[in-house]
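Coordinates in review
Here is what each chain is made of, one letter per residue.
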Amino acid sequence: MQFPQALETVLQTLERMRDETGHRPCASRMALDALNQISSPRKIDSLEGHAPSCPKNNLGADPPSRDYGAASSAAPSKTEKTDKLAAVQTRVSVCIKCPNLASSRTQTVFGVGNPDAEIMFVGEAPGADEDAQGEPFVGRAGQLLTKIIRAMGFPREEVYIANVLKCRPDVPAGSFGNRPPTPREMQTCRPYLMEQIDIIRPKVIVALGAVAVEGLLGTRAPMRELRGRWDSFNGTPLMITYHPAYLLRNQSPSEKRKVWEDMMLVLERLEKPISEKQRNYFL
Ligand code: SF4
């Protein structure tokens, strides 16, 4: 095995231990500096980021958790965010933590949009179109999401769009359609989404559909009970609304209106002006 792959295996194991036990691995500054000298597709600063205050000679210590979305630490520049996201994307592109998905995918689907976005939309997983094109929300549901974003007053490029899962859930050979990700798949891939959110630091996250809510919050409930109210993801305001694919299946104007009302709550939260035309808008 080549050194970079061996290093990736070690890092993935540490991440799994962190996710399963809740304890974050620590490394000394000397060890991190030594690892950073080594050419690797993986940036070790992500490990450092998980253990910013690892005390000397206390490898079992559990450092304080990060406050995602908090504005207290110095705000990184857009360029820094772009570089950090690119480093995570490189790791995702070679990830084989879910062997069945790694072998069936055409490519990973990381995320797209402004690294400095105020709003981050999170869906469940790539479908066939996204797997083919390498970009989230590019099929019919994606076109509807783009329409919603534009109606809110943003170009699609101005927000950030990602999924909980970065690989298309595999389906039996010869079958059509997509399947939802399993809880285990979402748990395995969730650290990448956490990193994306941690880097982007959006002011608002919008969870699209019940599966995205489960991936983000670990909560299962009917969407009629979840949507339309503010929740929180590690300190960042989280709005839950229907997945655009639901609106394609259910063309009821009242359901579409609910999504639009949820988006107006997002605009209000961001203190964006809402025109009369927007208030009366129906998707
Ligand atoms: S779904 Fe996520 S964790 Fe699983 S192989 Fe793909 S990138 Fe890795």
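You'll find the structure just up there.
Residues numbered from 1 in each chain as written. Predicted model: local features only at pLDDT ≥ 70, side-chain atom pairs only at ≥ 80, totals over all residues. Heavy atoms only, no water.

**Focus: the sheet that holds strand S2 (residues 119–123)**
- If you trace the six strands from one edge of the open sheet to the other, you get S1-S3-S2-S4-S6-S5, paired in mixed fashion. Edge strands, defined here as strands with exactly one partner in the open sheet, are strand S1 (112–113) and strand S5 (230–233).
- In this sheet, strand S3 (residues 160–163) lies alongside S1 in antiparallel orientation, the contact comprising two bridges. By the bridge assignment, Val-112 is partnered in S3 with Ile-161. (Pairing = 2+ DSSP bridges. Helix = DSSP H or I, 4+ residues; strand = E, 2+ residues; numbered from the N terminus.)

**Observations concerning the pairing of strand S4 (residues 204–208)**
- In terms of burial, S4 is a largely internal element, five of the five residues being buried.
- Of the two faces of S4, the one carrying Val-204, Val-206 and Leu-208 and the one carrying Ile-205 and Ala-207 are both buried.
- Across four bridges, S2 lies against S4 in parallel orientation. Within the sheet, the bridge partner assigned to Phe-121 lies in S4 and is Val-206.
- Taken together, the four bridges between S4 and strand S6 (residues 236–241) define a ladder with parallel strand orientation. Residue pairing across strands places Ala-207 opposite Ile-240, the latter belonging to S6. (Buried < 20%, exposed > 50% of the residue type's maximum accessible area, 1.4 Å probe, protein only.)

**Here we look at the site of the ligand**
- Around the ligand, a shell composed of Cys-95, Lys-97, Cys-98, Leu-101, Arg-105, Leu-165, Lys-166, Cys-167, Thr-188, Cys-189 and Tyr-192 is seen.
- For the shell around the ligand, the element with the most residues is helix H8 (residues 183–200), which contributes three residues.
- Here the residues of the shell around the ligand sort into seven nonpolar, one polar and three charged. (Near = heavy atom within 4 Å. Nonpolar A, V, L, I, M, F, W, Y, C, P; charged D, E, K, R; others polar.)

**Some details on the environment of Thr-188**
- With respect to the helices and strands, the residue Thr-188 is situated in helix H8.
- Judged by relative accessible area, which is 23%, Thr-188 ranks as partly exposed.
- When the C-alpha positions of Thr-188 and Gln-12 are compared, they lie 9.9 Å apart, and in sequence the two are 176 residues distant.
- Excluding anything up to four places from it in sequence, Thr-188 contacts Lys-97 and Cys-98. (Contact = heavy atoms within 4.5 Å.)

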